[in-house]
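# Structure at a glance
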Amino acid sequence: MNYKYRLLALDMDGTLLQDDHEVSEETVKWIKEAVRQGIHVCLSTGRPFAEAYPYAKQLELTTPMVTVNGGEVWRAPYELYRRALLDSKLVEQMHALAIETGSWFWAYSVDRLYNSENWTDDIANQEWLKFGYTTKDHEVRHRILMRLQDMGGLEITNSSPINLEINPQGVNKATGIGQVCELLGISMSQVVAVGDSLNDLAVIQEAGLGVAMGNAQQTVKDEADLVVSSNNEDGIVEVIRDHILIEG
């Protein structure tokens, strides 16, 4: 079959996964059918590799993966292709800002997850991938955002309306999927990218077909080419059935 789109880039939380963090049987069935028909399916997530890979395994995916919002690109499971690290001095500043504002915070190093309850005294000698804040206080979140923008050198997104996620500037899911396209020998025009949050925005804007879930943040819906059903209503099935597995 001669399909227009060759790669399906799937966000996980709020997109591939239902609210119970499971993939529905119907979605599993259609993803496996897409793979059978020669479509590359790539998980594109803010999660680290260890938290994403079990789902790739469940779906029997052996294609590349994009983790920590593009901070890591995997050629194949357990085979790293590219990694982009945060400057540890910026991590020190972000940590200080979290303490100052009393916000819950978390950060992924190459080796593990740290958070407010389990931090390290040795920031300088770690390899950092991503830093995050979570607060329901809109004013506090806005204040943090302003301070982060002043720091410079940071790519600031979110994976829910109450958090902020920070990667090195210029590192996002679009750059990650761009690198996957290089590996596969295809172009971004052949990509369908699906997501629900601001960390999906760049890739939704650059893909051949950018898709927002029905439960997506409004900004994402506004920028997408298409809005489908929610993550709890098999929106991914719609994408595959109605927009990918059709003659291009």
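Quick caveat: nothing in here was measured; it's all calculated off a predicted structure.

On to the pairing of strand S11 (residues 191–195). Two faces, one strand: in a regular strand the side chains alternate between the faces of the sheet. Counting buried positions over the 5 residues of S11 gives 5, a clear majority of the element. Of the two faces of S11, both are covered, the one formed by Val191, Ala193 and Gly195 as well as the one formed by Val192 and Val194. Alignment of strand S1 (residues 7–10) against S11, held across 4 bridges, turns out to be parallel. For Ala9, the partnering residue across the bridge sits in S11 and is Ala193. With 4 bridges connecting them, S11 and strand S12 (residues 209–212) associate as parallel partners.

Tracing the backbone shows Lys136 in the loop between strand S8 (128–134) and helix H4 (138–151). Classification of Lys136 by relative accessible area gives exposed; the value is 73%. A sequence separation of 26 residues divides Lys136 from Ile162, and the C-alpha atoms of the two residues are 5.4 Å apart. The contacts of Lys136, once residues within four sequence positions are left out, are Arg141 and Ile162.

Of all hydrophobic cores here, the largest spans 37 residues; its most connected members are Leu8, Leu10, Leu16, Ile31, Leu43, Val192 and Val194. Those elements giving two or more residues to this core turn out to be S1, helix H1 (25–36), strand S2 (40–43), helix H2 (49–58), S11, S12 and helix H8 (235–244). Filtering out sequence-adjacent residues up to four positions away, Leu8 remains in contact with Ile39, His40, Val41, Cys42, Val192, Val194, Val239, Ile240 and Ile244. Of all hydrophobic cores here, the second largest spans 22 residues; its members include Leu7, Val73, Cys181 and Ala202.

What follows covers the sheet that holds strand S10 (residues 163–168). Ordered in space as S7-S6-S8-S10-S9, the 5 strands form an open sheet in which the pairing is antiparallel. Every interior strand has two partners, whereas the edge strands, strand S7 (113–115) and strand S9 (154–157), have only one. On average, adjacent strands in this sheet sit at an angle of 20° to one another, irrespective of strand direction. Pairing geometry for S8 and S10, over 4 bridges, is antiparallel. Residue pairing for S10: Phe131 is matched across the bridge by Ile166.

Below, the discussion takes up the packing of H1 against H8. Where H1 contacts H8, the axes come no closer than 9 Å and their chain directions differ by 30°. Put simply, H1 runs roughly parallel to H8. Viewed along their axes, H1 and H8 form a crossing whose handedness is left-handed. Residue-level contacts link Glu26, Thr27, Trp30, Ile31 and Ala34 of H1 to Ile236, Val237, Ile240 and Arg241 of H8.

Here the structure, examined in full by the defined rule, presents 0 disulfides. For the unlinked cysteine Cys42, the closest cysteine sulfur is that of Cys181, found at 8.8 Å. Cys42 sits in the buried class, given a relative accessible area of 0%. With relative accessibility at 3%, the residue Cys181 sits in the buried group.

Reading the values: the criteria
- Residues numbered from 1 in each chain as written.
- Predicted model: local features only at pLDDT ≥ 70, side-chain atom pairs only at ≥ 80, totals over all residues.
- Heavy atoms only, no water.
- Buried < 20%, exposed > 50% of the residue type's maximum accessible area, 1.4 Å probe, protein only.
- Helix = DSSP H or I, 4+ residues; strand = E, 2+ residues; numbered from the N terminus.
- Pairing = 2+ DSSP bridges.
- Contact = heavy atoms within 4.5 Å.
- Core = buried A, V, L, I, M, F, W, Y, C linked by side-chain atoms within 4.5 Å.
- Axes fitted to C-alpha atoms, helices over the stretch in contact; angles between N-to-C directions.
- Parallel < 35°, antiparallel > 145°, perpendicular 65-115°, else oblique.
- Left-handed = near helix turned anticlockwise from the far one by under 90°.
- Disulfide = S-S within 2.5 Å.

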